Amino acid sequence: MTSSEKKTIQKEFKEEMDYDELLNCMRCGFCLPSCPTYIETGHQEKHSPRGRIALMKGVADGLIEPDDDLAHSLDVCLGCRACEPVCPSGVQYGHLLEDARTILQRNKRQTVGVKMLRKGIFDELFPRQDRMEKVTGLIGFYQRSGLSKVARKVGFMNLFPESMATMEKVLPEVPKRSVMKQRPRFFEHEGEKKATVALFAGCLMDTMFFDTNNATIKLLRKAGCDVLIPENQLCCGALHGHNGELEKSKQLAKQNIEAFEAAEADYIITNAGGCSAFLIDYDHLLKDEPEWSERAKHFVGKLKDISRILVELDFQKTHRLQLPDQIITYQDSCHLRNVMKTFNEPRILLKAIEGVHFVELEGADTCCGSAGDYNIVQPEMAMQILDHKMEKVADTCAQIIVTANPGCLLEMKLGVERAHKSNEVRAMHIADVLVEALVNE
């Protein structure tokens, strides 16, 4: 990085970072015990929220040059935002992290190959649901055709990193694209009508986790909700926002707001913690655009996680839930807990299931290592965190690990596979668990 490039980054940090928010950090250290990377790196200050904020402020003040160490510190951050609930000053660390990453990404030198890859992912794939369906449809064909078994048998998967090769084994079965296309966009309530809701279907949730979305729809109907799936909704933009592509995430936010405004539903329901946390930040994302800021606030005001609305509508009191005798535990989605403030509701629902013994997972409120694409770009740290997580899971003796986010679900399945427990332990989304537990329905 040239001297001129460093000066440009320092200038943009000073002009674009929320300096008041940087000053809000009192360096008290309350965030340290909650930060997975601070703990996993042996208490390295630069890998703590307090340390990263100090680095950002140092760059903005012109006291620190933006170098590879700064970029590495920010890259290693999971973005789990566990530091925010424990911060006495209420520092919005997640917003600072995204702004800093955006500036660094904008000024980063990239090879032609990297530029093409990022363009393919951020411009041509995730914002285009039809292409997401095609790509995941190919995964489904790979699974159904037997190619997956052949690839494993001949050792083809050994060409990939161990974590990616194992992840291939735990991917959910993807339905045919024709099945995805045939699903209606309106579902009528069962029993007494209590609300009209619009489902944020998500890009991966509505393709790779299509069955979980169907389970979510079933639960909402049984809770007394008419369910709409608005057309023209797109990826929430979280992947873009977390990877320094905030302008693209703003474009996605605007289209999603328009799509759900047209639905005129009482609530907007999500079933993916990572998506929820980014959606609920739309008002912050668009705060400087007068024509969108109020619309964003209205959108945010309608958001609810599936577990929250079910509890609010007394689903667990009006429906009998039962499973064969077994131990069950719950791993929080970081973003669902730390940003959406939803953590009691999943536990209320799981404890209402007859025949199961709910055991609280020690450290359930700490990250599992998934964090979007973190387990791909930072595999060593991700696997270190996951392995420690699975040690705590083993202590519960649970037969089912429940979570509420697709990335967390895959990560926990990966952990089960790495622990050679796939014949003994299942990792499941809470919506799938509840549908399985419904009695005579």
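Anything mentioned here points back to the structure above.
A brief look at the structure comes next. Remember, predicted model here, so these are calculated numbers, not experimental data.

Attention now goes to the pattern of salt bridges. With the rule as written, the count across this model stands at 31 salt bridges. For E354, the salt bridge identified is with R320, shortest N-O distance 3.2 Å. Of this pair, E354 sits in strand β7 (residues 354-358) while R320 sits in the loop between α20 (315-318) and β6 (322-330), placing them 34 residues apart in sequence. One salt-bridge network, held together by shared partners, links D332, R337, R347 and E360.

Let us now look at the pairing of strand β4 (residues 267-270). Two strands pair when backbone bridges link them, and strand β2 (residues 195-199) and β4 are joined in this way by 3 bridges, in the parallel orientation. Residue pairing across strands places A198 opposite I268, the latter belonging to β4. Direction of pairing for β4 relative to strand β5 (residues 303-305): parallel, over a ladder of 3 bridges. Note on β5: the bridge partner recorded for I268 is L303.

Before going further, it helps to spend a moment on helix α25 (residues 406-418). If you check α25, its first and last C-alpha atoms are 18 Å apart, about what 13 residues at 1.5 Å a residue would give, namely 18 Å. P406, C408, L409, L410, E411, M412, L414, G415 and V416 are the residues of α25 that are buried. Phi turns positive, to about 55 degrees, at H420, one or two residues after α25.

Position of K57 among the secondary structure elements: in helix α4 (residues 49-60). In this structure the C-alpha to C-alpha distance between K57 and R183, which are 126 residues apart in sequence, comes to 50 Å. Non-local contacts of K57, meaning those with residues more than four positions away in its chain, are made with Y19, L22, L23 and R27.

Once that is clear, we can look at the sheet that holds β2. As summarised here, the arrangement of the 5 strands in space is β1-β3-β2-β4-β5, forming an open sheet in which the pairing is mixed. Since the sheet does not close on itself, it has two edges, and those belong to β1 (186-187) and β5, each with one partner. With 2 bridges joining them, β1 and strand β3 (residues 225-228) adopt antiparallel strand pairing. If you follow F187 over to β3, its bridge partner there is V227.

Bringing the state of the cysteines into the picture now. Inspection of every chain in the model, using the stated rule, returns 0 disulfides. Cysteine C25 remains unbridged, with the sulfur of C31 as its closest cysteine sulfur at 6.3 Å. No disulfide involves C80; its nearest neighbouring cysteine sulfur is the one of C334, lying 4.8 Å away.

Before going further, it helps to examine helix α7 (residues 93-106). Over its 14 residues, α7 extends 20 Å from the first C-alpha to the last, a length consistent with the 20 Å expected when each residue adds 1.5 Å. The element α7 is extensively covered by neighbouring structure, given that 12 of its 14 residues are classed as buried.

For any pair of aromatic rings, the description consists of the separation of the ring centres together with the inter-plane angle of the planes. Under the defined criterion, the tally for this structure stands at 4 aromatic pairs. Ring centres 5.9 Å apart and planes at 80 degrees place the aromatic pair F260 and F299 in the edge-to-face group. On the criterion of sequence distance, the pair formed by F260 in helix α15 (residues 246-263) and F299 in helix α18 (residues 290-301) is long-range, its members being 39 residues apart. Given a relative accessible area of 4%, F260 falls into the buried group. The interplanar angle of 90 degrees and the centroid separation of 6.3 Å between the aromatic rings of F278 and Y282 together place this pair among those described as edge-to-face. Residue Y282 is classed as buried on the basis of its relative accessible area of 0%.

Further remarks concern the environment of E98. Tracing the sequence through the fold places E98 in helix α7. Placed 19 residues apart in sequence, E98 and G79 show a C-alpha to C-alpha distance of 8.8 Å. Filtering out sequence-adjacent residues up to four positions away, E98 remains in contact with G241, H242, L246 and F278. Among the polar contacts listed, one links the side chain of E98 to the side chain of H242, at a separation of 3.1 Å.

Definitions and limits used
- Residues numbered from 1 in each chain as written.
- Predicted model: local features only at pLDDT ≥ 70, side-chain atom pairs only at ≥ 80, totals over all residues.
- Heavy atoms only, no water.
- Salt bridge = Lys/Arg side-chain N within 4 Å of Asp/Glu carboxyl O.
- Helix = DSSP H or I, 4+ residues; strand = E, 2+ residues; numbered from the N terminus.
- Pairing = 2+ DSSP bridges.
- Expected span 1.5 Å × (residues − 1).
- Buried < 20%, exposed > 50% of the residue type's maximum accessible area, 1.4 Å probe, protein only.
- Contact = heavy atoms within 4.5 Å.
- Disulfide = S-S within 2.5 Å.
- Phe/Tyr/Trp six-rings, centres within 6.5 Å; stacked < 30°, edge-to-face > 60°.
- Polar contact = N/O pair within 3.5 Å; in protein donor to acceptor, adjacent residues only side chain to side chain.

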